[in-house]
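# Per-entry structural report
The chain contents come next:
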Amino acid sequence: VQLQASGGGLVQAGDSLRLSCTTSGRSFNFYMMGWFRQGPGKEHEFVGGISNSGRSIAYADAVKGRFTISRDNGKNTVYLQMNNLKSEDTAVYYCAARSSTSQEVYRARRHYNHWGQGTQVTVSS
């Protein structure tokens, strides 16, 4: 499966952005999807993830209450709605996929075996 992330950009603190990740291939509804990010000088970190059914969603504490993950299985797309952006949200954001019907969302990078190319989000303060 191939993943294509889009929607990044330069915004001011307090603004919103919505990232999209569209996948090619079949059986998107069997994939757990995750969002990760890597800020300047920082390691990759989990942002959030959603089970294949959409019934289970998990967020990192740093984004809980500000970011929302959703998916449209009919469009093979997962979204990351980011509100009230902060300068510390500046990072390259990656979407990732794993063929899994588990309703426990995986938070570790090692659990995902398909990755998109990343989209840059820059938040100016």
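Heads up: the structure comes first, above all this text.
First, a word on scope: everything that follows refers to the structure included in this document. Since this is a predicted model, take the numbers as computed values, not measurements. (Residues numbered from 1 in each chain as written. Predicted model: local features only at pLDDT ≥ 70, side-chain atom pairs only at ≥ 80, totals over all residues. Heavy atoms only, no water.)

## Quick look at the overall build of the chain
The helix and strand inventory of the chain stands at zero helices and 11 strands. When the helices and strands of the chain are placed in sequence order, the string is β-β-β-β-β-β-β-β-β-β-β. Over its C-alpha trace the chain gives a radius of gyration of 13 Å, about what one expects of a compact globule, namely 14 Å for 125 residues. Principal-axis analysis of the C-alpha atoms gives the chain an extent of 40 × 25 × 25 Å. Put simply, the chain has 125 residues, and 46% of those count as buried. The long-range share in the chain, meaning contacts at least 24 apart out of those at least 6 apart in sequence, stands at 59%. Side chains of the chain carry 14 positive and 8 negative charges; the gap between the two charge centres is 8 Å. (Helix = DSSP H or I, 4+ residues; strand = E, 2+ residues; numbered from the N terminus. Rg over C-alpha atoms; globule rule 2.2 N^0.38 Å. Buried < 20%, exposed > 50% of the residue type's maximum accessible area, 1.4 Å probe, protein only. Contact = heavy atoms within 4.5 Å. Lys, Arg positive; Asp, Glu negative; His and termini not counted. Charge placed at Lys NZ, Arg CZ, Asp CG, Glu CD.)

## Notes on the sheet that holds strand β3 (residues 17-23)
In spatial order, the strands read β1-β3-β8-β7; together these four strands make up an open sheet with antiparallel pairing. Both edges of this open sheet fall to β1 (3-6) and β7 (67-72), since each of them pairs with a single strand only. In this sheet, adjacent strand axes meet at a mean angle of 15° when their direction is disregarded. Where β7 and strand β8 (residues 77-82) come together, six bridges link them in antiparallel fashion. For Ser70, the partnering residue across the bridge sits in β8 and is Tyr79. (Pairing = 2+ DSSP bridges. Axes fitted to C-alpha atoms, helices over the stretch in contact; angles between N-to-C directions.)

## Considerations on the nonpolar core
Counting 35 residues, the largest nonpolar core has Met33, Trp35, Phe67, Val78, Leu80, Met82 and Tyr93 as the members making the most contacts within it. Not counting residues within four places of it along the chain, the set of residues in contact with Leu80 comprises Leu17, Arg18, Leu19, Trp35, Val47, Phe67, Thr68, Ile69 and Tyr93. (Core = buried A, V, L, I, M, F, W, Y, C linked by side-chain atoms within 4.5 Å.)

## Some words on the environment of Ser56
In this fold, Ser56 is placed in the loop between β5 (45-50) and β6 (57-59). Spatially, the C-alpha atom of Ser56 lies 9.7 Å from that of Met32, the residues being 24 residues apart in sequence. Not counting residues up to four positions away in its chain, the partners in contact with Ser56 are Gly49, Ile50, Ser51, Gln103 and Val105. From its side chain, Ser56 meets the backbone oxygen of Gln103 in a polar contact 2.7 Å long. (Polar contact = N/O pair within 3.5 Å; in protein donor to acceptor, adjacent residues only side chain to side chain.)

## Regarding the packing of aromatic side chains
All told, the structure shown has three aromatic pairs when counted by the stated rule. When the centroid spacing of 5.6 Å and the interplanar angle of 75° are considered together, the rings of Phe36 and Phe46 count as edge-to-face. One end of the pair, Phe36, is in strand β4 (residues 31-38); the other, Phe46, is in strand β5, with 10 residues separating them in the sequence. Here Phe36 falls in the buried class, since its relative accessible area comes to 1%. Connected via pairs of aromatic rings, a cluster forms that spans Phe36, Phe46, Tyr112 and Trp115. Arg71 extends its terminal NZ or CZ atom over the ring of Phe28, reaching a point 4.4 Å from the ring centre. (Phe/Tyr/Trp six-rings, centres within 6.5 Å; stacked < 30°, edge-to-face > 60°. Lys NZ or Arg CZ within 6 Å of the ring centre and 35° of its normal.)

## Brief notes about the pairing of β1
Of the two faces of β1, the one lined by Leu3 and Ala5 is fully buried and the one lined by Gln4 and Ser6 carries no buried residue. With four bridges connecting them, β1 and β3 associate as antiparallel partners. Counterpart to Ala5 in the pairing with β3 is Cys21.

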